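# Architecture and fold: a report
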Amino acid sequence: MPGALLTIDLGAVAANWRALDAKSANTVETGAVIKANAYGLGVGPVGRALQKAGAKTFFVALAAEGVVLRQAIGPTARIFVFSGYMQGDESAFDEFDLTPLLNSADQVVRYLTHRHGAEYGLQLDSGMNRLGMESPELVSVIEHFPAIDPVLTMSHLACADEPEHPQNLDQLTAFNEMAATLTSQQSSLSATGGILLGADYHMDITRPGIGLYGGEPFMDARPVVTLSLPVIQTRPVAVGESVGYGATWVAPRPSTIATVAGGYADGLIRAMGSNASLYAGDTRCPIVGRVSMDLITVDVTDLAQVPASLDILNTTQTVDVLADAAGTIGYEILTSLGNRYQRVYKD
Ligand SMILES: *Cc1c(COP(=O)(O)O)cnc(C)c1O
């Protein structure tokens, strides 16, 4: 029996990478962030597609993700690890040629002691207070290691999706001041949002993630995912009958209800409830009643014919639209996409 089908358009991923690359000068390198299994879409196929499009530098959150990526894309690309040099990961860095973005004086000391001569980057905190060294810590690191020689110095913006937010400029200034106190082969400040803030934010290499996968704030992104859920059965429901847990929806007219295979166990967040719809081609069919673990009930009364499957992600109801319905962000919809879906990749 054909199950739920998640179609991932690798041509769109590559086109989004090229479009983001075109937003910065030719001298600026465009990297690719493919942490969390490429935002849920599959680190192997996505990594290879981006490499083919021209990406030479990749970023992951954890060393374990870097190992999987290295096996998928081979030896030539650079792979940076945001969490830096974590205890227990030492052999992964050696065996799979990963480069840590060192976050603290403690990580710097352990790395320079254990892995003398190997490349590393430094992560600075310019105001987000999440990862990286603040100015006093950086000063003391430079004092202890005057020959410190990172291949990359980076920081991350907290508010880049809000172009008018004053913290963007504050962080840019703080980063430039800190970066000026050491020499580094490359510097990097911007994820997708920062790329859209303009040239001051581009530095030597950018780090887009969500924009590659079709999400805001890159409004010109090509949608990447389509998700079709098979209809298991349909039933007529009389006026006054209810549908689903809690009997929250009561039929106001004689209705036809389709039950599709997909639910919150597949990352179709329960909170989206009846704010979201499924689609038969271009025709919107509202969700009725509660989203359950494996099933969603849909009002298909207005369809002349009920198709074998209905779409919950398409070019109309994108990850951001579905996220709005659930009170969350596109990132969470993507990274929650379930592992019961059959994933199909198209070029
Ligand atoms: C996730 C992440 C990115 C990518 O951010 P997007 O908003 O998805 O483009 C870049 N840099 C760091 C440090 C990150 O954690």
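Residues numbered from 1 in each chain as written. Predicted model: local features only at pLDDT ≥ 70, side-chain atom pairs only at ≥ 80, totals over all residues. Heavy atoms only, no water.

A separate point is the overall build of the chain. For the chain, the count of helices and strands is 11 helices and 19 strands. Over its C-alpha atoms, taken along the principal directions, the chain stretches across nearly 80 × 40 × 35 Å. Within the span of the chain, comprising 347 residues, buried residues form 52% of the whole. Pairs at least 24 residues apart make up 63% of the contacts formed inside the chain by residues separated by at least 6 positions. (Helix = DSSP H or I, 4+ residues; strand = E, 2+ residues; numbered from the N terminus. Buried < 20%, exposed > 50% of the residue type's maximum accessible area, 1.4 Å probe, protein only. Contact = heavy atoms within 4.5 Å.)

In this section: helix α10 (residues 319-326). Within α10, 6 of the 8 residues are buried, which leaves the element mostly enclosed by the surrounding structure. Of the residues flanking the end of α10, it is Gly327, one or two places downstream, whose phi is positive at about 70 degrees.

Bringing the sheet that holds strand β8 (residues 152-154) into the picture now. Within a sheet, neighbouring strands are paired by backbone hydrogen bonds and run either parallel or antiparallel to one another. One open sheet holds the 7 strands; their spatial order is β3-β4-β5-β6-β7-β8-β9, and the pairing between them is parallel. The two strands at the open ends of the sheet, each matched to only one other strand, are β3 (32-33) and β9 (186-188). Both strand β4 (residues 57-60) and strand β5 (residues 78-81) contribute to a ladder of 4 bridges, which runs parallel. Within β5, the residue paired with Phe58 across the bridge is Ile79. (Pairing = 2+ DSSP bridges.)

A few words on the site of the ligand. Near the ligand you find 14 residues, and of these Lys35, Tyr39, Thr192, Ile210 and Tyr331 are the closest. In this structure, an oxygen atom belonging to the ligand sits 2.7 Å away from a side-chain N or O atom of Lys35. Starting from 390 Å² of accessible surface for the ligand in isolation, the protein chains cover 91%. Here the residues of the shell around the ligand sort into 8 nonpolar, 3 polar and 3 charged. (Near = heavy atom within 4 Å. Polar contact = N/O pair within 3.5 Å; in protein donor to acceptor, adjacent residues only side chain to side chain. Areas by Shrake-Rupley, 256 points an atom, 1.4 Å probe, with all protein chains shown as cover. Nonpolar A, V, L, I, M, F, W, Y, C, P; charged D, E, K, R; others polar.)

Under the domain assignment, the chain is made up of domain 1 (10-213) and domain 2 (225-346). Centre-to-centre, using C-alpha coordinates, domain 1 lies 37 Å away from domain 2. The interface is formed by 10 residues belonging to domain 1 together with 9 residues belonging to domain 2. Regarding the contact of domain 1 and domain 2, the summed buried area is about 820 Å², with carbon and sulfur atoms giving 67% of it. Of all residues in domain 1, Tyr39, Leu41 and Ile210 give up the largest surface area on contact with domain 2, accounting jointly for 53% of the area buried on that side. For the pair domain 1 and domain 2, the interface holds 0 salt bridges. Counting the contacts that link domain 1 with domain 2 gives 3 residue pairs in polar contact (both at pLDDT 80 or more). Put simply, the parts of the chain that give the side of domain 1 that touches domain 2 at least two residues each are α1 (10-21) and α2 (35-39). Across the side of domain 1 that touches domain 2, the residue classes break down as 7 nonpolar, 3 polar and no charged. (Domains from an automatic or database assignment. Buried area = accessible area lost by both parts, 1.4 Å probe. Salt bridge = Lys/Arg side-chain N within 4 Å of Asp/Glu carboxyl O.)

If you want to describe how two helices pack, look at the angle between their axes and the distance between the axes. The contact between α1 and helix α3 (residues 43-53) brings their axes to 9 Å, and the two run at 45 degrees. When the interaxial angle is binned, α1 and α3 end up oblique. Between α1 and α3 the crossing geometry is right-handed. Counting all contacts with α1, which are made through Leu10, Val13, Ala14, Trp17 and Arg18, the residues of α3 involved are Pro45, Val46, Ala49, Leu50 and Ala53. Grouping the constituent residues of the contact of α1 with α3 by class yields 9 nonpolar, no polar and 1 charged. (Axes fitted to C-alpha atoms, helices over the stretch in contact; angles between N-to-C directions. Parallel < 35°, antiparallel > 145°, perpendicular 65-115°, else oblique. Left-handed = near helix turned anticlockwise from the far one by under 90°.)

Relative to the helices and strands, Leu169 is located in helix α8 (residues 166-179). On the basis of relative accessible area, Leu169 is assigned to the exposed category, the value being 53%. For the pair Leu169 and Leu157, spaced 12 residues apart in sequence, the C-alpha separation works out to 9.7 Å.

Bringing the environment of Thr153 into the picture now. Inspection of the secondary structure puts Thr153 in strand β8. With 64 residues separating them in the primary sequence, Thr153 and Asp89 have C-alpha atoms 21 Å apart. Contacts of Thr153, omitting those with residues within four sequence positions, involve Leu122, Leu124, Phe175, Leu182, Ser184, Gln186, Ser187 and Ser188.

A few words now on the packing of aromatic side chains. Taken as a whole, this structure holds 7 aromatic pairs when the rule is applied. Centroid distance Tyr85 to Tyr111: 4.8 Å. Interplanar angle 90 degrees. Geometry classified as edge-to-face. Of this pair, Tyr85 sits in the loop between β5 and α5 (90-95) while Tyr111 is found in helix α6 (residues 105-114), placing the two residues 26 residues apart along the sequence. Residue Tyr85 shares its accessibility class with Tyr111, and that shared class is buried. (Phe/Tyr/Trp six-rings, centres within 6.5 Å; stacked < 30°, edge-to-face > 60°.)

A few words on unusual backbone geometry. Of note, the bond from Glu216 into Pro217 is cis; its omega dihedral lies within 30 degrees of zero at 15 degrees. When you line up the elements, Pro217 lands in the loop between β10 (205-206) and β11 (225-237). For Ala36, which is not a glycine, the phi torsion comes out positive at approximately 50 degrees. Structurally, Ala36 is set in helix α2. A relative accessible area of 35% places Ala36 in the partly exposed class.

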